[in-house]
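Results of the structural survey
What follows is each chain in one-letter form.
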Amino acid sequence: MKFFIDNIWIIGLALVSGGALLFPALQRRGAKVTQLQATQLINQGKTVVLDVRDAAEFAAGHLQNAKNIPLAELPNRLKELEKSKSATIITVCERGIRSATAAGVLKKAGFEQVVSLEGGVAAWKSQGLPTVK
């Protein structure tokens, strides 16, 4: 017990730094899928790929059969996705950050199966997976 009292500041510092390291891992940022998992979902069918990048980024290269609705326009264009409410929706952006936000918007709108592509189109291309222009 004397050890803990004598070293309370060191123990406190260790606990705080450990918590700071664990915090990002414990944060719930929505469901994400790897490139392999996304490919499997796409191949199974009943999957909509929603690219939330702007039109110029989309034109530079996107996943096959992806639907482009920029993130800024998504709340106003949700009706375009109503038919796909029961399908799995994979949100995609360049690095996976905007797509996580889009997944949250879709979840709040009542879409059941929404996932974000981990690493985005950049990770997709780095794995040598196909894109279309």
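A look at the layout of surface pockets
- There is about 170 Å³ of room inside the largest pocket.
- Taken together, Thr39, Ile42, Asn43, Leu63, Gln64, Asn65, Trp124, Leu129 and Pro130 form the lining of the largest pocket.
- Sorting elements by how many residues they give to the lining of the largest pocket places helix α3 (residues 35-44) first, with 3 residues.
- Each residue belonging to the lining of the largest pocket can be placed in one class, and the counts come to 5 nonpolar, 4 polar and no charged.

Describing a nonpolar patch on the surface
- On the surface, a cluster of nonpolar side chains totalling about 530 Å² of accessible area is made up of Met1, Phe3, Phe4 and Ile5.
- By relative accessible area, Ile5 is classed as exposed at 59%.

Digging into the sheet that holds strand β2 (residues 47-51)
- Overall, parallel pairing links the 5 strands, which are arranged β1-β5-β4-β2-β3 in an open sheet. Edge positions in the sheet fall to β1 (32-33) and β3 (67-68), since each of these pairs with one other strand and no more.
- Pairing of β2 with β3, which is carried by 2 bridges, proceeds in the parallel orientation. Looking at β3, one finds that Leu50 is bridged to Lys67.

Some words on the confidence of the model for the protein chain
- On average, the protein chain scores 86 in pLDDT, and the residues at 70 or more come to 94%.
- Per-element confidence in the protein chain ranges from a low mean pLDDT of 79 for helix α2 (residues 8-26) to a high of 93 for β3.

Digging into the side chain of Thr88
- Residue placement: Thr88 occurs in strand β4 (residues 88-92).
- Look at Thr88 and you get buried, because its relative accessible area is 13%.
- Within polar-contact distance, the side chain of Thr88 engages the side chain of Gln113 at 2.9 Å.
- Setting aside anything within four residues of it in sequence, one finds Thr88 in contact with Leu41, Lys46, Thr47, Val48, Gln113 and Val115.

Thoughts on the nonpolar core
- Counting residues in each nonpolar core, the largest one holds 14 residues, and the members touching the most others are Leu50, Leu74, Leu81, Ile89, Leu106 and Phe111.
- Beyond its immediate stretch of four places on either side in the chain, Leu74 contacts Leu50, Ile69, Leu81, Ala102, Val105 and Leu106.
- Judged by nonpolar contacts, the second largest core, of 13 residues, contains Ile90, Val92, Val121 and Trp124.

Remarks on the pairing of β2
- Burial within β2 is extensive, with 4 of its 5 residues counted as buried.
- Pairing geometry for β2 and β4, over 5 bridges, is parallel. Bridge pairing links Leu50 to Thr91 in β4.

Quick word on the packing of aromatic side chains
- Here the structure, examined in full by the defined rule, presents 0 aromatic pairs.
- When the ring centre of Phe111 is taken as reference, the NZ or CZ atom of Lys85 above it lies at 5.4 Å.

Describing the pattern of salt bridges
- Scanning all chains against the criterion turns up 8 salt bridges.
- Two residues, Glu94 and Arg53, come together in a salt bridge whose shortest N-O distance is 3.0 Å. With Glu94 in the loop between β4 and α5 (97-108) and Arg53 in the loop between β2 and α4 (55-60), this residue pair connects regions lying 41 residues apart in the sequence.
- Lys67 serves as the salt-bridge partner of Glu80, at 3.4 Å between the closest nitrogen and oxygen. Within this pair, whereas Glu80 is found in the loop between β3 and β4, its partner Lys67 is found in strand β3, the two being separated by 13 residues in sequence.
- The structure contains a network of salt bridges with shared partners spanning Lys67, Glu73, Arg77 and Glu80.

Cut-offs and rules
- Residues numbered from 1 in each chain as written.
- Predicted model: local features only at pLDDT ≥ 70, side-chain atom pairs only at ≥ 80, totals over all residues.
- Heavy atoms only, no water.
- 1 Å grid on protein atoms, 1.4 Å probe; cavity = no way out; pocket = protein on both sides within 12 Å on 5 of 7 lines; lining within 4 Å.
- Points joined across faces, edges and corners; volume = space filled by probe spheres on them.
- Helix = DSSP H or I, 4+ residues; strand = E, 2+ residues; numbered from the N terminus.
- Nonpolar A, V, L, I, M, F, W, Y, C, P; charged D, E, K, R; others polar.
- Patch = residues over 30% accessible without salt bridge, like charges linked within 9 Å, V, L, I, M, F, W, Y side chains within 5 Å.
- Areas by Shrake-Rupley, 256 points an atom, 1.4 Å probe, with all protein chains shown as cover.
- Salt bridge = Lys/Arg side-chain N within 4 Å of Asp/Glu carboxyl O.
- Buried < 20%, exposed > 50% of the residue type's maximum accessible area, 1.4 Å probe, protein only.
- Pairing = 2+ DSSP bridges.
- pLDDT = per-residue confidence, 0-100.
- Polar contact = N/O pair within 3.5 Å; in protein donor to acceptor, adjacent residues only side chain to side chain.
- Contact = heavy atoms within 4.5 Å.
- Core = buried A, V, L, I, M, F, W, Y, C linked by side-chain atoms within 4.5 Å.
- Phe/Tyr/Trp six-rings, centres within 6.5 Å; stacked < 30°, edge-to-face > 60°.
- Lys NZ or Arg CZ within 6 Å of the ring centre and 35° of its normal.

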